[in-house]
Protein chains: 2
Amino acid sequence: MSSTDDVRGVALRAREASHVLATATRATKDAALEAMAAALGEHEDAILAANAEDVGRAEAAGTPANIIDRLRLTHERLEGMAQGLREVAGLHDPVGEVVRGSVLANGLELRQVRVPFGVVGMIYEARPNVTADAAGICLKSGNAVLLRGSSSARSSNAAIVTALRGAAESAGLPADVVQLVPGDSHDSVKALMRARGLVDVLIPRGGAGLIQSVVEESTVPVIETGVGNCHVYVDAAADLDKALAIVLNAKTQRTSVCNAAESLLVHEDVADEFLPRVIDALRAEGVTIHGDTGFAEYDGVVEATDEDYATEYLSLDISAAVVDDVEGAIDHIRRYSSGHSDAIVSEDQATIRRFVAAVDSAAVLVNASTRFTDGGEFGFGAEIGISTQKLHARGPMGLPEMTSTKYVVVGDGHTR
Amino acid sequence: MSSTDDVRGVALRAREASHVLATATRATKDAALEAMAAALGEHEDAILAANAEDVGRAEAAGTPANIIDRLRLTHERLEGMAQGLREVAGLHDPVGEVVRGSVLANGLELRQVRVPFGVVGMIYEARPNVTADAAGICLKSGNAVLLRGSSSARSSNAAIVTALRGAAESAGLPADVVQLVPGDSHDSVKALMRARGLVDVLIPRGGAGLIQSVVEESTVPVIETGVGNCHVYVDAAADLDKALAIVLNAKTQRTSVCNAAESLLVHEDVADEFLPRVIDALRAEGVTIHGDTGFAEYDGVVEATDEDYATEYLSLDISAAVVDDVEGAIDHIRRYSSGHSDAIVSEDQATIRRFVAAVDSAAVLVNASTRFTDGGEFGFGAEIGISTQKLHARGPMGLPEMTSTKYVVVGDGHTR
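Here is what the cut-offs are and how they apply
Residues numbered from 1 in each chain as written. Chains lettered and ligands numbered in written order. Predicted model: local features only at pLDDT ≥ 70, side-chain atom pairs only at ≥ 80, totals over all residues. Heavy atoms only, no water. Helix = DSSP H or I, 4+ residues; strand = E, 2+ residues; numbered from the N terminus. Rg over C-alpha atoms; globule rule 2.2 N^0.38 Å. Buried < 20%, exposed > 50% of the residue type's maximum accessible area, 1.4 Å probe, protein only. Contact = heavy atoms within 4.5 Å. Areas by Shrake-Rupley, 256 points an atom, 1.4 Å probe, with all protein chains shown as cover. Core = buried A, V, L, I, M, F, W, Y, C linked by side-chain atoms within 4.5 Å. Least-squares fit on C-alpha atoms with pLDDT ≥ 70 in both. Buried area = accessible area lost by both parts, 1.4 Å probe. Salt bridge = Lys/Arg side-chain N within 4 Å of Asp/Glu carboxyl O. Axes fitted to C-alpha atoms, helices over the stretch in contact; angles between N-to-C directions. Parallel < 35°, antiparallel > 145°, perpendicular 65-115°, else oblique. Left-handed = near helix turned anticlockwise from the far one by under 90°. Nonpolar A, V, L, I, M, F, W, Y, C, P; charged D, E, K, R; others polar. Pairing = 2+ DSSP bridges. Domains from an automatic or database assignment. Phe/Tyr/Trp six-rings, centres within 6.5 Å; stacked < 30°, edge-to-face > 60°. Expected span 1.5 Å × (residues − 1). Right-handed = clockwise from strand over helix to strand, strands pointing away.

Draft legend 1. How the structure looks around the overall build of chain A. The number of helices and strands found in chain A is 15 helices and 16 strands. Relative to a compact globule of 416 residues, whose C-alpha radius of gyration would be 22 Å, chain A shows 24 Å and is just as compact. Taken along its principal axes, the extent of the C-alpha atoms in chain A is 70 × 65 × 35 Å. By the burial criterion, 58% of the 416 residues in chain A qualify as buried. When contacts within chain A are restricted to residue pairs at least 6 apart in sequence, those whose partners lie at least 24 apart make up 72%. Of the roughly 15,100 Å² of accessible surface on chain A, a fraction of 48% belongs to carbon and sulfur atoms.

Right, dumping it as structure tokens:
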């Protein structure tokens, strides 16, 4: 049987299961989430043994240590996954929420209500914890999920999904609300991307290459997540102490994440004062600065290429440029930003208003670190990813973003 | 120069213009809409002359009369287009609307605000009035628009766009907020569908074939509109007078529209009573009934094939079947519905609740005709189309559905 047949098979089962899940009560869904959390504990030995296989294979293949670290599960990490499922159980159920409603002039009652998408496909890379996180968020939002993790984590993912499926069933839901996509090859990913009509939404989570290929090849609607070439613009009217703290935090607090700053723009009027301070502070943290001519005169600054400004480093590197004014910053950001998170540091109201209006990114931050663009920080309780596209959801995606809506129109024999 | 270069050229100009339009005030946009309405009157001679060329070409090519009727413009139709633009000017501006907002525990102020998509591409068939309608809705929602109408209406569309561009400019907006996509060949459509990064959203309006090809080929995100294989289910607990009125209205009030009923399902308990009445009434209106074995015994009923149940007739035809109960109706609708509008006629609350919960369509109607699924009927004031997809917008799309959102996060030196 081909990958396409295999994938269509699981997708059809997911669709059947989704019909049951879509009308399940919150009580049933929360019971399933609690059972899933407990099951991760009960299956701990099996999951850790499966994970040891994956780690062993990765080590034998000479995988870098940081990737192996992301792949490795421990008792503590399993507890964290279980805790995440319990937290999702505690969140408000988005399904059934009335988004708007009115009575029309002819007496028809109109309500727009949240409903699940139906079947969600997740394509993601190394971390096996995403398997439980995604399953929990999808279940709570009433969606059956098809999980296609990295082949390097296949044993771990299989063991986790076995635990989760049993738990769903014990709570009275079909096991097929959570399924792994069969097959390790790209063919199975391709079949998933072509399962239009069976799969309602695809969410790729991972590097830029993965996301680009899904966007290009998928006929299933895609929610694009996560590439962040984020900027901090330090204005002439900035409080330079705040600016220094924000630049350092945005660049160095955690470098491997999509909301870390990758580019620094400084107004020329404060360049002489701010550049020596920020360059010293960044270098003290081990950051390499890729600067334009405005930065070139300072020690240790590497000359920036056009490519540097377009790069999401995810490392202790930052591109940097001096700009004429806020319009120069806006132009630079329009040209290079990935539309994730861009920040201004300024105390001038007119300049802030202009920056906020003109910069079209998922998050525009004023006197705050780009690191705040995050479902947890925003108080969403759970996050399936950060959308950098404009359709459907933009920015951190919580449970409501995992739903569609439908109109319910109630009359009493109404005709036109 | 290739089509791709041409289309990239107009898309780049649209993007530049969109930056100005995105931050234009409502007053400026409304002034532009009023000027556009006036310009249609001022350019009436030129537009009607251009339209006569299109109609002449279509007649020479032996185009059917109903298509020519859709293509033809008159003084009255131009007045209607102008009136539509004035009505859009009167609608609430969605841009800048705060969708939600809060102050986080750390004092950060969080606001999610509506922003334009940026550049919208419209691909549509014969009617030249769509040119003005789409331009008006896009302008009010802050989006630059690239219009790719049918080649059969190319002279009319060019004359209308000339009028609209001049009007936009007279109101202080760049003319390039409204542009025609150059080229008549499929290559230019293809280039538009591949302009990811330059075009933010594509909205195809037209027949199923057009929409299918856009969905399959586009790398630009698509909002799918309009195919409606709509059902009316007459339950055992239906008021049969209401049922008869609703079926007749849904099928015959206007047959060529996406919210017309295409399929009738009747509970077996009321079949003996309802079928003779509904068959007589439908036949009296000239409707051909494609029925299953339950309908076969009645005069003039044609035997239905599986394909009939999947067909959006858009004509005086209806498929029909007798079902065991509401679950049978739900199963049938899940299998065949295009997810546009499906109705139940029943006085039984439990049955209605089950139908509304289980039928996953853009609109689920209770004791009301499917013909009510419409932006005008819903009170939206303007409609760019009816989305039958689950991502971003579902059902009639008004001005808010033509926007994305962004998060504005305001702090005072906040770091993590």
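Draft legend 2. Examining the nonpolar core more closely. Ranked by size, the top nonpolar core spans 53 residues in total, and within it Met36, Leu40, Met122 and Ile203 of chain A carry the most contacts. In this structure Met36 of chain A touches Leu85, Ala135, Leu139, Leu164, Ala167, Ala168 and Val178 of chain A, once residues within four positions along its chain are discounted. Counting residues in hydrophobic clusters, the runner-up holds 52 residues, among them Leu78, Ala82, Cys138 and Leu173 of chain B.

Draft legend 3. Structural detail: the relation of the copies chain B and chain A. Taken as rigid bodies, chain B and chain A are interconverted by a rotation of 180° and an axial shift of 0.0 Å, the fit giving an RMSD of 0.0 Å. Taken together, the rotation angle and the small translation identify this as a two-fold axis. Residue His392 of chain B of chain B places its C-alpha closer to the rotation axis than any other residue of that unit, at 1.8 Å. A shared interface surface links the copies, since 100% of the contact residues of chain B are contact residues in chain A too.

Draft legend 4. Geometry of the interface of chain B and chain A. Contacts between chain B and chain A engage 68 residues on the former and 68 residues on the latter. It is Leu391, Tyr407 and Arg416 of chain B that lose the most area in chain B upon contact with chain A, and together they represent 15% of the buried surface on that side. At the boundary of chain B and chain A, one finds 10 salt bridges. Across the pair Glu401 of chain A and Arg100 of chain B runs a salt bridge, and its minimum N-O distance is 3.0 Å.

Draft legend 5. Highlighting the packing of helix 2 (residues 26-42) of chain A against helix 7 (residues 154-170) of chain A. Residue and element names in this part refer to chain A. Where helix 2 meets helix 7, the axes come as close as 8 Å, and the angle between the chain directions of the two elements is 140°. Taken together, the axes of helix 2 and helix 7 are oblique relative to one another. Crossing angle aside, the handedness with which helix 2 passes helix 7 is right-handed. Contact with helix 2, carried on its side by Ala32, Ala35, Met36, Ala39 and Leu40, involves Ile160, Ala163, Leu164, Ala167, Ala168 and Ser170 of helix 7 and no other residues of that element. Taken together, the residues that form the contact of helix 2 with helix 7 break down as 10 nonpolar, 1 polar and no charged.

Draft legend 6. Here's a closer look at the sheet that holds strand 1 (residues 98-103) of chain A. Spatially, the 10 strands line up as an open sheet ordered 1(A)-2(A)-16(A)-13(B)-12(B)-7(B)-8(B)-11(B)-9(B)-10(B), and their pairing is mixed. Each having just a single partner strand, strand 1 of chain A together with strand 10 (301-303) of chain B make up the two edges of the open sheet. In this sheet, neighbouring strand axes are inclined to one another by 25° on average, regardless of whether the strands run parallel or antiparallel. Where strand 9 (residues 288-291) of chain B meets strand 11 (residues 317-323) of chain B, 4 bridges bridge the pair, whose relative direction is parallel. Each residue of the ladder has a partner; that of Ile289 of chain B, found in strand 11 of chain B, is Ile318 of chain B.

Draft legend 7. Fine view of the domain arrangement of chain A. Each domain of chain A was delimited in the assignment, giving domain 1 (3-224 + 393-410) and domain 2 (230-372). For domain 1 of chain A and domain 2 of chain A, the distance between their C-alpha centroids amounts to 36 Å.

Draft legend 8. A look at the pairing of strand 16 (residues 403-414) of chain A. Residues and elements named next belong to chain A. Counting buried positions along strand 16 gives 9 out of 12 residues, so the element sits mostly inside the fold. The sheet contact formed by strand 2 (residues 109-116) and strand 16 spans 8 bridges and is antiparallel. Bridging across to strand 16, Pro116 finds its partner in Thr403.

Draft legend 9. How the structure looks around the packing of aromatic side chains. One pass over the full model with this rule turns up 10 aromatic pairs over all chains. Between Tyr233 of chain A and Phe355 of chain A, the aromatic rings sit 6.1 Å apart at their centres with planes inclined by 15°, giving stacked as the arrangement. Note that Tyr233 of chain A is positioned in strand 7 (residues 230-234) and Phe355 of chain A in helix 15 (residues 349-358), a separation of 122 residues in sequence. In this structure Tyr233 of chain A comes out as buried when scored by relative accessible area, which is 0%. Residue class for Phe355 of chain A comes out buried when judged on its relative accessible area of 0%. Between Phe378 of chain B and Phe380 of chain B, the aromatic rings sit 5.8 Å apart at their centres with planes inclined by 75°, giving edge-to-face as the arrangement. As far as burial versus exposure is concerned, Phe378 of chain B and Phe380 of chain B are alike and both buried. Ring pairing ties together the aromatic residues Phe378 and Phe380 of chain A together with Tyr407 of chain B, which thus form one cluster.

Draft legend 10. A look at the packing of helix 1 (residues 3-22) of chain A against helix 8 (residues 186-193) of chain A. Residues and elements named next belong to chain A. Their axes nearest at 8 Å, the elements helix 1 and helix 8 cross at an angle of 50°. Between helix 1 and helix 8, the interaxial angle falls into the category oblique. For the crossing formed where helix 1 meets helix 8, the hand is right-handed. Contacts between helix 1 and helix 8 involve Ser3, Thr4 and Val7 from the first element and Asp187, Ser188, Ala191 and Leu192 from the second. Class assignment for the residues of the contact of helix 1 with helix 8 results in 3 nonpolar, 3 polar and 1 charged.

Draft legend 11. Molecular detail of helix 1 of chain A. All names here are of chain A. The end-to-end C-alpha distance of helix 1 is 27 Å, a good match for the 28 Å that 20 residues give at a rise of 1.5 Å each. Within helix 1, the full set of buried residues consists of Ser3, Val7, Val10, Ala11, Ala14, Arg15, Ala17, Ser18 and Leu21. Those residues of helix 1 hidden inside the fold are in contact with helix 2, strand 3 (119-124), helix 6 (129-140), strand 4 (144-148), strand 5 (178-180) and helix 8.

Draft legend 12. Layout of the pairing of strand 12 (residues 341-345) of chain B. All names here are of chain B. For strand 12, the tally of buried residues reaches 5 of 5 residues, placing the bulk of the element in the interior. The pairing of strand 7 (residues 230-234) with strand 12 spans 4 bridges and is parallel. Residue pairing in the sheet places His231 in a bridge with Asp342 of strand 12. As defined by bridge partners, strand 12 adjoins strand 13 (residues 363-368) across 4 bridges and the pair is classed as parallel. The partner of Ala343 across the bridge, within strand 13, is Leu365. Regarding topology, helix 15 (residues 349-358) serves as the crossover connection from strand 12 to the parallel strand 13, and that connection is right-handed.

Draft legend 13. Highlighting the pattern of salt bridges. Summed over all chains, the structure comprises 48 salt bridges over all chains. One salt bridge connects Asp30 of chain B with Arg26 of chain B, and the closest N-O pair in it is separated by 2.7 Å. Of this pair, Asp30 of chain B and Arg26 of chain B both sit in helix 2 (residues 26-42), separated by 4 residues, roughly a single helical turn. A single network of salt bridges, built from pairs that share partners, joins Arg15 and Asp200 of chain A together with Asp360, Lys390 and Arg394 of chain B.

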